[in-house]
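Residues per chain, in single letters:
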Amino acid sequence: MKNIIKFFILLLIASGWQSCATQKRCNQKFPPQVITSDSVITNSITIYRDTTIYVYLPGDTVRDTVEVVVKEGIANSRPSIHETDLAWSKAQVIDGRLIHSLIQKDSVLARVIENAIRESAITTDRTRIETKIIEKNFVSSWQWFQIWLGRIFGLLLLLFLGYFYVRYILRAP
């Protein structure tokens, strides 16, 4: 009978030997999963701008004299003068001759070229996210069954030990 009592005491000690641990010890035995995710976001921005170029036109002078045949007595005419942004012109018939002068002015032409300048910028953002997966402790139905079964067996063990204590140690009839 003493062997049975020693066996049950040894069983209780052995079952409680590795059952409880602190949070720190649990994390050492079963470290939580750490998921690390790196994300790199690259944005490419392209900006187009218009530009204006200037073309310089140098001035030039042209002179020309042409003879005119006189018919019906028309030999002279008044001067014909024309002027634009780029040139000045004068033409006249004098004594049967056409005198024409064309003078080109010095000028600069401005031309707008659309989308001529392109500027590109690339920005990179790096993000590192660490996520720890911690599973919450929950008791399943099978574990609840084992807990209640252990309580019942513990109560029966106490009653059994009490019975033996009263019967054999106190020597009750």
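Residues numbered from 1 in each chain as written. Predicted model: local features only at pLDDT ≥ 70, side-chain atom pairs only at ≥ 80, totals over all residues. Heavy atoms only, no water.

Asks: Got a minute to help me understand the overall build of the protein in this structure?
Replies: Secondary structure assignment for the protein yields three helices and six strands. Going residue by residue from the N terminus, the α and β elements of the protein occur as α-α-β-β-β-β-β-β-α. Taken across its 173 residues, the protein has 5% of its residues classed as buried. Taking contacts inside the protein between residues at least 6 apart in sequence as the whole, the part at least 24 apart equals 70%. Accessible surface, the protein: about 15800 Å² in total, of which carbon and sulfur atoms supply 59%. (Helix = DSSP H or I, 4+ residues; strand = E, 2+ residues; numbered from the N terminus. Buried < 20%, exposed > 50% of the residue type's maximum accessible area, 1.4 Å probe, protein only. Contact = heavy atoms within 4.5 Å. Areas by Shrake-Rupley, 256 points an atom, 1.4 Å probe, with all protein chains shown as cover.)

Asks: Is there a simple way to explain the confidence of the model for the protein in this structure?
Replies: Detailed reading of the predicted model is not advised wherever pLDDT is low. Scored by pLDDT, the protein has a mean of 77; 84% of the residues are at 70 or more. Of all the helices and strands in the protein, strand β2 (residues 61-67) carries the lowest mean pLDDT, 64, while helix α3 (residues 141-169) carries the highest, 88. (pLDDT = per-residue confidence, 0-100.)

Asks: Would you explain the pattern of salt bridges in this entry?
Replies: Should their charged atoms come close, side chains of opposite charge can pair. One pass over the structure, following the stated rule, counts two salt bridges. A salt bridge links E83 to K105; its shortest N-O distance comes to 2.7 Å. Residue E83 is located in strand β3 (residues 80-83), and its partner K105 is located in the loop between β5 (97-104) and β6 (107-133); the two are separated by 22 residues in the primary sequence. With a relative accessible area of 56%, E83 lands in the exposed category. (Salt bridge = Lys/Arg side-chain N within 4 Å of Asp/Glu carboxyl O.)

Asks: Where do I start with the side chain of S89 in this structure?
Replies: One can find S89 in strand β4 (residues 87-94). Given the relative accessible area of 12%, S89 is considered buried. Ignoring any residue separated from it by four or fewer positions in sequence, one finds S89 in contact with S80, I81, H82, H100, S101 and L102.

Asks: Teacher, can you tell me more about the packing of aromatic side chains here?
Replies: Each aromatic ring pair is described using two quantities: the centre-to-centre distance and the angle formed by the ring planes. Enumeration over the complete set of coordinates arrives at four aromatic pairs. Ring geometry for Y163 versus F164: centroids 5.9 Å apart, planes at 65°, classification edge-to-face. A connected cluster of aromatic rings, assembled from ring pairs, spans F160, Y163, F164 and Y168. A cation over an aromatic ring shows up here: R151 above the ring of W148, its NZ or CZ 4.5 Å from the ring centre. (Phe/Tyr/Trp six-rings, centres within 6.5 Å; stacked < 30°, edge-to-face > 60°. Lys NZ or Arg CZ within 6 Å of the ring centre and 35° of its normal.)

Asks: What am I meant to see in a nonpolar patch on the surface here?
Replies: A cluster of nonpolar side chains, contributed by W142, F145, L149, I152, F153, L155, L156 and L159, occupies part of the molecular surface with about 850 Å² of accessible area. Considering the arrangement of structural elements, one finds L159 in helix α3. (Patch = residues over 30% accessible without salt bridge, like charges linked within 9 Å, V, L, I, M, F, W, Y side chains within 5 Å.)

Asks: Sorry if this is basic, but what is going on with the pairing of β3 here?
Replies: The side chains of a regular strand alternate, residue by residue, between the two faces of the sheet. Pairing of β3 with β4 involves four bridges; the strand directions are antiparallel. Bridge assignment links S80 to a residue of β4, and that residue is A91. Between β3 and β4, which follow one another and run antiparallel, lie three residues. (Pairing = 2+ DSSP bridges.)

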